Amino acid sequence: MRTVTFADPAVIRDLQTHFVLFWHNQMAGSVLPPPDPGTPEQAKSYPEGGGGTNVLTYVAAPDGRAVLRLQGYWRPERYLAELRFGRELAMAVGKMPHDPEAVRFVADRLDDRARLVGMRRSEIERRHPEVIAKKGTESVLARTHAALVLLEKTLGAESRPNLEAVETVVNERLKLRVFT
Amino acid sequence: MFPRLLLVLSAGAALAAPAPALAQPPGDEIGRLVAQLDADDFRVRDRAARRLREVGLDTLPRLRRAAEESQSVEVRTRLADLIAGITRPGWRSDLAAVRAEALRTGKPILVVSTVGLPTGFG
């Protein structure tokens, strides 16, 4: 993410323009060594969505309610697209009171988006059934398919922050201490 | 219904559309400024660096190329400093301050949670 996505001018511009940025170290106070970031060339070949919980992105409304969670490494184009979606969702939620209706509103939007991603994944599987058996890095199409599978999963109900406060979301990560 | 439709449409467009192209300032000016980073006169070097910093992200491809191609260690060092300054998105680690700024500006918050302290954050 650092050597590719966060070094991309379009991503930097988007972050600087549209967000208040908070970086959180999952390892604060831990004795675990940081992972080797690798070279830019290695980073470019890394499968999108991979990396487990080593990198987590959350988008929250201006009042701090988290609406979107993305897990893993993403290349600039897809990361930007998800940030745009998250930003629009966050701004819409920012105008709503904190109630079950707002939670349902976000869940519906995430369902819609996961469905959209699922449709693209299904389309690839229908046209190119061979990609299902391939590993994520074997071809551009297989990489795209693997990324869509991971994105669909990360947008799914089990990964959602459900409008919890960013403090809660971040502290829960620390309690879990799951480094994969 | 309307906001939902908007978000769905936006989701579809975002998944399909590539990132918008960046507007580039005149290449000649950037080339001239990059060359001036190697000037003998400190004031010329300083002025060129300031101007490149002002232009900001639009200079990035040229600065990176110049950093790769330059034979001068000094110029490469200056370019590396400039690139680092321009590409720093402005990550902060004080959540209370971030919350206050988001409320004040009405901007959403982006949280990136990583293992360890990767260079380039901060």
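Quick note: structure is the one above.
Here the structure is a predicted model, which is why all the values come from computation and not from measurement.

Enquirer: Would you take a moment to explain the overall build of chain B for this structure?
Expert: Tallying secondary structure elements over chain B gives six helices and one strand in all. Counting the 122 residues in chain B, one finds 25% classified as buried. Long-range contacts, defined here as pairs at least 24 residues apart, represent 50% of the contacts in chain B between residues at least 6 apart.

Enquirer: Quick question: what am I supposed to make of the sheet that holds strand E2 (residues 55-60) of chain A here?
Expert: Within a sheet, neighbouring strands are paired by backbone hydrogen bonds and run either parallel or antiparallel to one another. Within the open sheet, the four strands sit side by side as E1(A)-E1(B)-E2(A)-E3(A). Their pairing is mixed. Single-partner strands in this sheet number two, and they are strand E1 (20-25) and strand E3 (66-71) of chain A. For this sheet the average axis-to-axis angle between neighbouring strands, irrespective of direction, equals 20°. In this sheet, strand E1 (residues 109-114) of chain B lies alongside E2(A) in antiparallel orientation, the contact comprising six bridges. Bridging across to E1(B), Leu56(A) finds its partner in Ser113(B). Against the sheet, helix H3 (residues 76-94) of chain A makes contact with E2 and E3 of chain A, and its axis sits at roughly 165° relative to E3(A), the strand it touches most. The sheet contacts of helix H6 (residues 95-105) of chain B involve E1 of chain A together with E1 of chain B, and relative to E1(A) the element is tilted by about 160°.

Enquirer: Any chance you could explain helix H4 (residues 60-69) of chain B here in plain terms?
Expert: Residues and elements named next belong to chain B. Turning to H4, its buried residues number three or more, namely Leu60, Arg62, Leu63 and Ala66. For H4, the angular spread of buried residues about the axis comes to 160°, placing them on one side. Every exposed residue of H4 that faces more than 90 degrees away from the buried side is listed here: Arg65, Glu68 and Glu69.

Enquirer: Please explain the packing of helix H4 (residues 100-127) of chain A against helix H5 (residues 140-154) of chain A as it appears in this structure.
Expert: Two numbers describe a pair of packed helices, the interaxial angle and the distance between the axes. Residues and elements named next belong to chain A. Interhelical geometry of H4 versus H5 gives an angle of 150° and a closest axis separation of 9 Å. Judged by the angle between their axes, H4 and H5 are roughly antiparallel. For the crossing formed where H4 meets H5, the hand is left-handed. Judged by residue contacts, Ala114, Val117, Gly118, Arg120, Arg121 and Ile124 of H4 engage Leu141, Thr144, His145, Leu148, Val149, Leu151 and Glu152 from H5. A per-class count over the contact of H4 with H5 returns seven nonpolar, three polar and three charged.

What counts, and at which threshold
Residues numbered from 1 in each chain as written. Chains lettered and ligands numbered in written order. Predicted model: local features only at pLDDT ≥ 70, side-chain atom pairs only at ≥ 80, totals over all residues. Helix = DSSP H or I, 4+ residues; strand = E, 2+ residues; numbered from the N terminus. Buried ≥ 20, exposed ≤ 12 C-beta atoms within 10 Å, placed from the backbone. Contact = placed C-beta atoms within 7 Å. Pairing = 2+ DSSP bridges. Axes fitted to C-alpha atoms, helices over the stretch in contact; angles between N-to-C directions. Arc of directions from axis to C-beta. Parallel < 35°, antiparallel > 145°, perpendicular 65-115°, else oblique. Left-handed = near helix turned anticlockwise from the far one by under 90°. Nonpolar A, V, L, I, M, F, W, Y, C, P; charged D, E, K, R; others polar.

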